[in-house]
Amino acid sequence: MKYELYGSLHRTAKKLLRRSNSTSSYRMISIHEKNINCDGYIKTTGEELGTYINDMVPNPEVLRTQDLFPVENIVSEETFPSFEDSFQKRRKCKESQLGVENDNAAKLWMEFVHNSEIPQGYRNGGLHYAGYILDCEEWCLPSWIWTNAALVRMYCRIGELDKARIIADKIIELQQDCGGWIVRNDYDSEGAVPVVAPNDSAYTANNACLEFYLSTGEQKYLDATVKCAEWIIDTAREDGMVYVGYDIKRKRWQKKHNIVDVGFTAGLFARLYECTKEEKYFAFLKRFTDKFIELFYIPTSNGFATSLDAEDKQLGGMFGRGQAWALEGLIPASRVLKDDKVTGVVQNTIDTIIREQDKQGGWAYNISRPMMGLDCKAISIIACSLMNWYKDHPEQTSLKDASEKAYQWCIRHTLPEGRGKGGIYSYTTEGAIVHHLYTWTAFVYGSSYAIELKKILAEV
């Protein structure tokens, strides 16, 4: 309740200061069955087409469902008036609606994963949405293919290889000739921006392709992993840092900022080196990890900054998800590099995370600005990393204690019924990711990591 009160005040202040007006000339539309004819084409009057939809410039003469997402299609402001805007329905969400029994939690989390599948026939059909907006009762982020890698990893680790294969094969089909993936659409004043991102591609290669290779021994998945790794090495900066992404539309690298999420790039190269023993992967891992810590780590705070500007100056607070993704890369890197500095940074960050855990077991969306709300997607990921570190440091019982508290937080924040049941929800004022401010949201990989966390805790 305190977060929602703060969010209401925050929203009011933005309106009074006139900082909430959108300057975008684009809007999002939904494509429902009523918009589709029996042949799978989109029914339009012709006059409403405009000149732009998603990343297609110019518009094709005929629109097919396979060109469009069920939600979040970006169109020019005055076009498609007969199509529904995405995320318009609002309802009052209460934390009291959340919470399930311990024995039923994993079943509901898996149901949330299953229900997140994008319908066949649409763009990215058969893959999964990244999140769900409870306030609007709608799935979101259908362009985010990289988060599907978390589902492949989960299925592999619980032994459901047939389900892992379906997603892994779709991911390989979408791999670009360069070796990376168009992992998501970003949006700016000119519409959708398809992004080939080294960091999200590294996550995809590591947790989908390499994980499935290690589970099956099938060479094509290792080949896809190597292809991605070679592309990352070839396109990284000379100092080892990777760029945040390549803008397909404008055919240029995005160099005006970078984000802490690039940290999980280290995870790919650490595991690929362990698998192949190729020295070039060790060398790049060392160069990247050293630069990542130099640029993003805040020694006075013992944690990681959210982003960098064009001059590599740190920006933003310490986002919860940023600490999660940094650890996701640095823990395997520390095992491979056996570098005291890297190990020390991991330990110091973990100490900060445990200290900043709230009484209920969660972590703030922004650790330095906790009133923004809690981070639903980071909590199970952080807990998995803590347990990963615990395997090497069993004397640190606080790691297991914090992970168990986080696990219980996930159970208490799981929706027991409704369209978005099985999601792990929290409130946040920041909606840049789901394109909807001041909402209760859940991320599909939050549930998949929670399933893994349950398995890890049971084994320990």
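First things first, this report covers the structure right here in the doc. These figures come from a predicted structure and were not determined experimentally. (Residues numbered from 1 in each chain as written. Predicted model: local features only at pLDDT ≥ 70, side-chain atom pairs only at ≥ 80, totals over all residues. Heavy atoms only, no water.)

**Considerations on the overall build of the protein**
- In terms of regular secondary structure, the protein is built from 13 helices and 15 strands.
- For 460 residues, the compact-globule estimate of 2.2 N^0.38 gives 23 Å, and the C-alpha radius of gyration of the protein, at 21 Å, lies within 12% of that figure.
- Principal-axis analysis of the C-alpha atoms places the extent of the protein at approximately 65 × 50 × 45 Å.
- Within the protein, buried positions represent 58% of all 460 residues.
- A separation of at least 24 residues holds for 68% of the contacts in the protein among residues at least 6 apart in sequence.
- Within the structure as shown, the protein displays about 19200 Å² of accessible surface, and the carbon and sulfur contribution to it stands at 49%.
- Of note, the protein has its 55 positive side-chain charges centred 4 Å away from the centre of its 62 negative side-chain charges. (Helix = DSSP H or I, 4+ residues; strand = E, 2+ residues; numbered from the N terminus. Rg over C-alpha atoms; globule rule 2.2 N^0.38 Å. Buried < 20%, exposed > 50% of the residue type's maximum accessible area, 1.4 Å probe, protein only. Contact = heavy atoms within 4.5 Å. Areas by Shrake-Rupley, 256 points an atom, 1.4 Å probe, with all protein chains shown as cover. Lys, Arg positive; Asp, Glu negative; His and termini not counted. Charge placed at Lys NZ, Arg CZ, Asp CG, Glu CD.)

**Focus: empty space enclosed by the protein**
- In the structure shown here, the tally under the stated rule is one cavity of 30 Å³ or more.
- Space inside the largest cavity adds up to approximately 90 Å³.
- Around the largest cavity sit 14 residues that line it, and Y365, T428, E430, T441 and F443 are the ones nearest its centre.
- Mapped by element, the contributors of at least two residues to the lining of the largest cavity are helix 11 (376–392), strand 14 (426–428) and strand 15 (439–443).
- Tallied by class, the residues present in the lining of the largest cavity amount to seven nonpolar, four polar and three charged. (1 Å grid on protein atoms, 1.4 Å probe; cavity = no way out; pocket = protein on both sides within 12 Å on 5 of 7 lines; lining within 4 Å. Points joined across faces, edges and corners; volume = space filled by probe spheres on them. Nonpolar A, V, L, I, M, F, W, Y, C, P; charged D, E, K, R; others polar.)

**Focus: the pairing of strand 1 (residues 26–29)**
- Taking every second residue as pointing to the same face, both faces of strand 1 are buried, with Y26 and M28 on one and R27 and I29 on the other.
- Across four bridges, the pairing between strand 1 and strand 2 (residues 73–76) is antiparallel. Bridged to M28 within strand 2 is I74. (Pairing = 2+ DSSP bridges.)

**Points about the sheet that holds strand 15**
- If you walk across this open sheet you meet the four strands as 4-3-15-14, and the pairing is antiparallel. Both outer strands of the open sheet, strand 4 (138–140) and strand 14, are each paired with one neighbouring strand and no more. Averaged over all pairs of adjacent strands, the angle between their axes in this sheet comes to 40°, without regard to strand direction.
- In the sheet, strand 14 pairs with strand 15 via three bridges, with the strands oriented antiparallel. Opposite Y427, over in strand 15, you have W440 as the bridge partner.
- Taken strand by strand, helix 13 (residues 444–459) contacts strand 3 (131–133), strand 4 and strand 15, and its axis lies near 50° from that of strand 15. (Axes fitted to C-alpha atoms, helices over the stretch in contact; angles between N-to-C directions.)

**A word on unusual backbone geometry**
- A positive phi angle, close to 55°, is found at K251, a residue other than glycine.
- Mapping K251 onto the fold places it in the loop between strand 7 (245–247) and strand 8 (252–254).
- Phi at N302 takes a positive value of approximately 55°, unusual for a residue other than glycine.
- Among the structural elements, N302 can be located in the loop between strand 10 (297–298) and strand 11 (303–304).
- Here N302 falls in the partly exposed class, since its relative accessible area comes to 25%.

**Side note on the pattern of salt bridges**
- Inspection of the entire model under this criterion finds 34 salt bridges.
- With a shortest N-O distance of 2.9 Å, R184 and D186 are connected by a salt bridge.
- Look at R184 and you get buried, because its relative accessible area is 10%.
- The salt bridge partner of R250 is D188, with a shortest N-O separation of 2.8 Å. With a gap of 62 residues between them, R250 in the loop between strand 7 and strand 8 and D188 in strand 5 (residues 182–188) connect regions that are remote in the sequence.
- Relative accessible area serves as the criterion here: at 22%, R250 is assigned to the partly exposed category.
- Here D188 falls in the partly exposed class, since its relative accessible area comes to 31%.
- Within this structure, R153, R157, E211, R271, E328 and E452 form a network of salt bridges that share partners. (Salt bridge = Lys/Arg side-chain N within 4 Å of Asp/Glu carboxyl O.)

**Overview of the pairing of strand 6 (residues 191–196)**
- Judged by how many residues are buried, strand 6 sits mostly within the fold: six of six residues are covered.
- As paired elements, strand 5 and strand 6 share six bridges and run antiparallel to each other. Bridging across to strand 6, I182 finds its partner in V196.
- Pairing geometry for strand 6 and strand 7, over two bridges, is antiparallel. Bridge pairing links V195 to D247 in strand 7.

**What to know about the layout of surface pockets**
- Computed from the structure, the second largest pocket encloses a volume of approximately 470 Å³.
- Of all the elements in the fold, those that place two or more residues in the lining of the second largest pocket are helix 3 (148–157), helix 5 (198–216), helix 7 (265–276), helix 9 (320–337), helix 11 and helix 13.
- Across the lining of the second largest pocket, the residue classes break down as eight nonpolar, five polar and 10 charged.

**Re the nonpolar core**
- Core analysis: the largest hydrophobic core is formed by 153 residues, its most contacted members being W109, V152, I232, F292, F296, F304 and Y425.
- Of the residues forming this core, the biggest block, 11 residues, is contributed by helix 11.
- Sequence-distant contacts of F292, that is, excluding residues within four places in its chain, are made with M241, V260, V262, G263, Y297, F304, A326 and L330. (Core = buried A, V, L, I, M, F, W, Y, C linked by side-chain atoms within 4.5 Å.)

**Some thoughts on the side chain of Q323**
- Relative to the elements of secondary structure, Q323 occurs in helix 9.
- Here Q323 is in contact with G303, F304, M318, T349, I353 and I367, once residues within four sequence places are set aside.

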